[in-house]
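Architecture at a glance
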Amino acid sequence: MYLGVDCGTQSTKVVVVDIDAAAILGEASRPHRLIEGTNGRREQHPGDWLEAFRGAFQDAVAKANIDPRAVRAIGISGQQHGMVALDRDGEPVYPAKLWCDTETADHNAALVERLGGEAGCLERLGLVLQTGYTASKLAWLRDTHPEAYRRIDSLLLPHDYLNFWLTGERVSEAGDASGTGYFDTRRREWRLDVFAEIAPELDARAVLPRLIDARQPAGVVRPALARELGLAEGVVVSSGGGDNMLGAIGTGNIRPGEITMSLGTSGTICAHSSEPVQAESDMVANFCSSDGGWLPLICTMNVTSATTRIRELFGLELDDFGEHIASAPIGAEGVLMLPFFDGERVPALPHASASLLGLTGTNLTRANLCRAVMEGATFGMRYGLEQLGSLAAGARQIRLIGGGSKSPVWRQMVADITGIPVISPRVTDAAALGAALQAAWCERRGDVALDALCERLVVLDEATRAEPVPAGVAAYEAVYTRYRQALAERHGIPD
Ligand SMILES: Nc1ncnc2c1ncn2[C@@H]1O[C@H](COP(=O)(O)OP(=O)(O)O)[C@@H](O)[C@H]1O
Ligand SMILES: O=C(CO)[C@@H](O)[C@H](O)COP(=O)(O)O
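Residues numbered from 1 in each chain as written. Chains lettered and ligands numbered in written order. Predicted model: local features only at pLDDT ≥ 70, side-chain atom pairs only at ≥ 80, totals over all residues.

Secondary structure assignment for the protein chain yields 18 helices and 25 strands. Relative to its length of 495 residues, the protein chain is compact, with a C-alpha radius of gyration of 21 Å against a globular reference of 23 Å. Viewed in the frame of its principal axes, the protein chain has a C-alpha envelope of about 65 × 55 × 40 Å. For the protein chain, buried positions account for 56% of its 495 residues. (Helix = DSSP H or I, 4+ residues; strand = E, 2+ residues; numbered from the N terminus. Rg over C-alpha atoms; globule rule 2.2 N^0.38 Å. Buried ≥ 20, exposed ≤ 12 C-beta atoms within 10 Å, placed from the backbone.)

The angle between the axes and the distance between the axes are what describe a pair of packed helices. The N-to-C vectors of helix α13 (residues 318-327) and helix α14 (residues 366-388) enclose an angle of 95 degrees; their axes lie 8 Å apart at closest approach. By the angle class used here, α13 and α14 are roughly perpendicular. Residues F321, H324, I325 and S327 of α13 touch α14, and the partners they reach there are R366, A367, C370, R371 and M374. Within the contact of α13 with α14, the residues separate by chemical class into five nonpolar, two polar and two charged. (Axes fitted to C-alpha atoms, helices over the stretch in contact; angles between N-to-C directions. Parallel < 35°, antiparallel > 145°, perpendicular 65-115°, else oblique. Contact = placed C-beta atoms within 7 Å. Nonpolar A, V, L, I, M, F, W, Y, C, P; charged D, E, K, R; others polar.)

Neighbouring residues of ligand 1: 16 residues in total, closest G8, G264, T265, G403 and S407. Sorting the residues of the shell around ligand 1 by element identifies α12 (304-313) and α13 as the ones contributing at least two each. It is α12 that contributes the most residues to the shell around ligand 1, three residues altogether. The residue inventory of the shell around ligand 1, partitioned by class, reads one nonpolar, 14 polar and one charged. (Near = placed C-beta within 6 Å.)

Let us look at helix α11 (residues 243-250). In terms of burial, α11 is a largely internal element, eight of the eight residues being buried. Two residues or fewer past α11, G252 is found with a positive phi of approximately 110 degrees.

Turning to the site of ligand 2, a few remarks are in order. Taken together, 18 residues sit near ligand 2, with T9, Q80, W99, G264 and S266 positioned nearest. Residues of the shell around ligand 2, tallied by class, amount to three nonpolar, 14 polar and one charged.

The next subject is the sheet that holds strand β5 (residues 42-44). Across the sheet, which stays open at both edges, the three strands sit in the order β4-β5-β8 with antiparallel pairing between neighbours. Edge strands, defined here as strands with exactly one partner in the open sheet, are β4 (35-36) and β8 (96-97). Bridge count between β5 and β8: two bridges; the pairing is antiparallel. The partner of E43 across the bridge, within β8, is K97. (Pairing = 2+ DSSP bridges.)

Another point: the packing of helix α2 (residues 105-114) against helix α4 (residues 134-144). At their nearest, the axes of α2 and α4 sit 8 Å apart, and the two run at 110 degrees to each other. Between α2 and α4, the interaxial angle falls into the category roughly perpendicular. Contacts from H107, N108 and L111 in α2 reach A135, S136, A139 and W140 in α4. Taken together, the residues of the contact of α2 with α4 break down into four nonpolar, three polar and no charged.

A few words now on α14. Look at α14: 34 Å from first C-alpha to last across 23 residues, which is about the 33 Å you get at 1.5 Å a residue. For α14, the tally of buried residues reaches 18 of 23 residues, placing the bulk of the element in the interior. (Expected span 1.5 Å × (residues − 1).)

Moving on: the nonpolar core. In terms of nonpolar packing, the biggest core is built from 158 residues, with V15, I74, V414, A436 and L437 touching the most fellow members. Aside from chain neighbours lying at most four places away, what touches V15 is G4, I24, E27, A60, V427, D429, A432, L433 and A436. (Core = buried A, V, L, I, M, F, W, Y, C linked by C-beta atoms within 7 Å.)

Attention now moves to the sheet that holds strand β24 (residues 422-425). Backbone hydrogen bonds hold the strands of a sheet together, and the pairing may be parallel or antiparallel. With respect to topology, seven strands assemble into an open sheet ordered β19-β20-β18-β17-β23-β24-β25, the strand pairing being mixed. Each having just a single partner strand, β19 (285-288) and β25 (460-466) make up the two edges of the open sheet. Neighbour-to-neighbour, the strand axes of the sheet open up by a mean angle of 30 degrees, direction not taken into account. In this sheet, strand β23 (residues 397-401) lies alongside strand β17 (residues 258-263) in parallel orientation, the contact comprising five bridges. Residue pairing across strands places T260 opposite R399, the latter belonging to β23.

Next up on the list: the environment of E147. Mapped onto the elements of the fold, E147 is located in helix α5 (residues 146-150). Through-space distance from the C-alpha of E147 to that of V93 is 9.0 Å; in sequence the pair is 54 residues apart.

Here we come to the UniProt feature "domain: Carbohydrate kinase FGGY C-terminal" (unreviewed entry) in the protein chain. Here, the residues flagged by UniProt with the feature "domain: Carbohydrate kinase FGGY C-terminal" (unreviewed entry) are residues 261-441. Between the end C-alpha atoms of residues 261-441 there is a gap of 24 Å, over a span that is 36% helix and 18% strand. (UniProt positions renumbered as here; feature names shortened; annotations may be inferred.)

Where the model shows low pLDDT, its predicted coordinates should not be examined in detail. Across the protein chain, pLDDT averages 97, with 100% of residues at or above 70. Interface confidence for the predicted complex, given as ipTM, is 0.98, next to a pTM of 0.96. (pLDDT = per-residue confidence, 0-100.)

What follows deals with the pairing of strand β20 (residues 294-300). In terms of burial, β20 is largely enclosed, as seven of its seven residues are buried. Alternating residues of β20 divide into W294, P296, I298 and T300 and L295, L297 and C299, and every residue in both groups is buried. The sheet contact formed by strand β18 (residues 267-270) and β20 spans four bridges and is antiparallel. Among the inter-strand pairings, I269 is bridged to a residue of β20, identified as I298. Inspection of the sheet shows β19 paired to β20 by four bridges, in the antiparallel sense. Each residue of the ladder has a partner; that of F287, found in β20, is L295. Where β19 folds back onto β20 in an antiparallel hairpin, the turn is made up of five residues, including G292, whose phi is positive at roughly 100 degrees.

What follows is the structure, encoded as structure tokens:
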């Protein structure tokens, strides 16, 4: 039995997997609180993730109806980029600033300049720093909370922190480390000189976690915690990784021609490469994967976070929301939304706000507003796909995951807007499943290949298949042209 855990932005999800029976035995989730403020502040208390882990763990084990002593290994996936800065007692010196925090946008811009602009970043890191990466959060803490900064003893990412809590080990692996901004994604090693430019007072070698390979274990569960959770002694904790890396594994360890797209709080699109990549667009994050390869990725910030805002504004449950959208025509009778409520990463508009365009006396309906937010979020995904350029060219299939992929209307919208067939795996919490598969791969060292595990456990759900419909594709093409014009006029993003 293996356990996969995904600490996402909105919740922690746990899946219990029986590898030998090729069965998913139980799934559960517990929500997280978000601390939001003016100026783009978005933070969480790491302690809340531990509480959510405990609750979701107990629920998933109960649903699976297993004795927790049967669990052989655990894998942790986590929202990327969050800064978990700990003091020498392992306590956070400040709440975790999240991937979607834009309070540090000016620090990011200054850092890019200090590193020699986009070319300098590419040369030293293999990617261009974007607002949301860990580096600017550290620079921000140094500037604004020097007392907390001085107490930093170790600097972890959310999934590293959960590994640390489980095992007592401070380790990291290349996939998630890629998103820090002080890691060379081509050589898969920390960039100590870049770290020293951001945080000259800290000793990088002491503060940064030890790097391990994706297949190496982070450690074993601490005896006291094992007793509390009812686990056997010596349960292995695999390296884990960023949610996008483990989502790529949980969708079948994607290969050329396949794309993983996640409609979670963020929207992400990634393709796999066996070589380091240098994308045509600076907006592409040339991350490492968590299986030894690379995972060029695009991330937009306003996906289910945006749809949830409009859905809750109208007090709609998810099913009613879906029905409203289905009842409005493509293009929402001219209502167009640029849903940049939280600012945006791709396109790089960290200080942007949302716009609602094309309203008239006859099209101002609940159904059109609901449709416009989902369309706007999905146009953002198409824009992202275009930035991936040749890395996604020739894609034959989108494997759609994340909470939004549960919506049939959204799956069809993705197929029609991108022109690429869509299918979802049965387990749409693919990052949690990917973490369980990585845990089995790690624990059964030498015994089984990751691809073989994916073949057994990742089942694509035929009932979710959505093919692009020519009439829909044509109708959306015209609306997408309007979206691009609005991006150009309001935000100066060239067509
Ligand atoms: N059928 C659906 N239609 C639209 N949105 C959905 C649907 N089911 C779940 N969601 C949304 O998915 C989001 C959670 O997605 P998830 O991938 O778990 O996010 P994260 O990993 O960022 O925490 C929630 O905002 C939820 O409202
Ligand atoms: O910042 C990124 C990727 O670069 C995000 O994709 C985060 O990893 C958060 O993921 P979700 O909570 O939306 O799954």
